[in-house]
Amino acid sequence: VQLQASGGGLVQPGGSLRLSCAASGTIFSINTMGWYRRAPGKQREYVAVFTSGGNTNYADSVKGRFTVSRDLAKNTVYLQMNSLKPEDTAVYYCNAVVRTSIIRTGDYWGQGTQVTVSS
């Protein structure tokens, strides 16, 4: 299974960006899929995710500003980021827990995409 993330870049404070992550390969089903980030000098942290039940969860720091959505037919998850702040600057990683067969489930990560919020 491969996760291909895209959509990062440089944006001014208050601006918006949309990240995309497409899963490909042998996919029986996707249990969870979402986004994490790692800011400079910090540990990787959870941002937003679709749970196995189809619900969405957000970190408190992004609630009301970020929206996660998905296209099940394309095995793709999106992260719409609005009202961006300098503290949102980080490398954003896509993550998915994927069932690749009836008996096998794996945890997969994308390559990361840089988001820089700066004036």
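Before reading on, note that the structure itself is shown above.
**Q** Would you mind going over the side chain of Ser20 with me for this structure?
**A** Summarising the element assignment, Ser20 is placed in strand β3 (residues 17-24). Apart from the residues lying within four places of it in its own chain, the contact partners of Ser20 are Gln4, Ala5, Ser6, Trp35, Val77 and Tyr78.

**Q** What am I meant to see in a nonpolar patch on the surface here?
**A** Side chains of Phe28, Ile102 and Ile103 sit close together on the surface and give an oily, nonpolar patch of about 410 Å² of accessible area. Tracing the chain through its elements places Ile102 in the loop between β9 (90-99) and β10 (105-109). Its relative accessible area of 66% is what places Ile102 among the exposed residues.

**Q** In this structure, what is going on with the sheet that holds strand β7 (residues 66-71)? I would like to understand it.
**A** Sheets are built from strands that pair by backbone hydrogen bonding, the pairs being arranged parallel or antiparallel. Strand order in the open sheet made by the four strands is β1-β3-β8-β7, with antiparallel pairing throughout. Each edge of the open sheet is held by one strand with a lone partner, namely β1 (2-6) and β7. On average, adjacent strands in this sheet sit at an angle of 15° to one another, irrespective of strand direction. For β3 and strand β8 (residues 76-81), the ladder comprises six bridges, and the chain directions are antiparallel. Bridge pairing in β8 links Arg18 to Gln80.

**Q** What is the right way to read the environment of Val49 from this model?
**A** With respect to the helices, strands and loops of the structure, Val49 is situated in strand β5 (residues 45-50). Along the backbone, Val49 and Ala59 are ten residues apart, and their C-alpha atoms lie at a distance of 9.2 Å. In this structure Val49 touches Thr32, Met33, Gly34, Asn55, Thr56, Asn57 and Val68, once residues within four positions along its chain are discounted.

**Q** Any chance you could explain the pairing of β8 here in plain terms?
**A** If a strand is regular, its side chains alternate between the two faces of the sheet. Most of β8 is tucked away, with five of its six residues classed as buried. Relative to β8, β7 is paired through six bridges, and the arrangement is antiparallel. Bridge pairing links Thr67 to Gln80 in β8. Between β7 and β8, which pair antiparallel and follow one another directly, the connecting turn spans four residues, one of which, Asn75, has a positive phi of 50°.

**Q** I tried to follow unusual backbone geometry on my own but got confused; where do I start?
**A** Negative phi characterises most residues that are not glycine, and trans characterises most peptide bonds. Positive phi is not limited to glycine here, since Asn75 has a value of about 50°. Mapped onto the elements of the fold, Asn75 is located in the loop between β7 and β8. Classification of Asn75 by relative accessible area gives partly exposed; the value is 25%. With a phi angle near 50°, Ser83 is a residue other than glycine that sits in the positive phi range. With respect to the helices, strands and loops of the structure, Ser83 is situated in the loop between β8 and β9.

**Q** Help me understand the nonpolar core in this model?
**A** Grouped burial of nonpolar side chains is what soluble globular proteins tend to show. By size, the foremost hydrophobic cluster in this structure holds 28 residues, and its most contacted members are Trp35, Leu79, Met81 and Tyr92. At five residues, β9 tops the list of elements feeding residues into this core. Residues in contact with Met81, not counting those within four places in the same chain, are Gly15, Ser16, Leu17, Leu19, Arg65, Phe66, Tyr92 and Val115.

What counts as what
Throughout, residues of each chain are indexed from 1 in the direction in which the sequence is written. Residue-level local features of this predicted model are given only where pLDDT is at least 70; pairs of side-chain atoms are given and counted only at 80 or more, and the full residue set underlies all totals for whole chains, interfaces and linings. Side-chain numbers here rest on the full set of heavy atoms in the structure, without hydrogens or water. Helical segments are the DSSP runs of H or I of at least four residues, strand segments are the runs of E of at least two, and each set is numbered from the N terminus. A contact between two residues is defined here by any heavy atoms of the two lying within 4.5 Å. Patch membership requires over 30% relative accessible area and the absence of a salt bridge. Like charges are linked within 9 Å, and nonpolar side chains (Val, Leu, Ile, Met, Phe, Trp, Tyr) within 5 Å. Surface exposure here means Shrake-Rupley accessible area, sampled with a 1.4 Å probe, where a residue is shielded only by the protein chains that are shown. Whenever a carboxyl oxygen of Asp or Glu lies within 4 Å of a side-chain nitrogen of Lys or Arg, that contact is scored as a salt bridge. Accessible area is worked out with a 1.4 Å probe on protein chains only. A residue is then buried under 20% of its type maximum, exposed over 50%, and partly exposed in between. The pairing criterion is simple: DSSP has to find at least two bridges between the two strands. For helices, the axis comes from a line fit to the C-alpha atoms of the stretch in contact; other axes are also lines fit to C-alpha atoms, and the angle between any two N-to-C directions lies between 0 and 180 degrees. For the purposes of this section, nonpolar cores are sets of buried Ala, Val, Leu, Ile, Met, Phe, Trp, Tyr and Cys residues that join through side-chain atoms within 4.5 Å.

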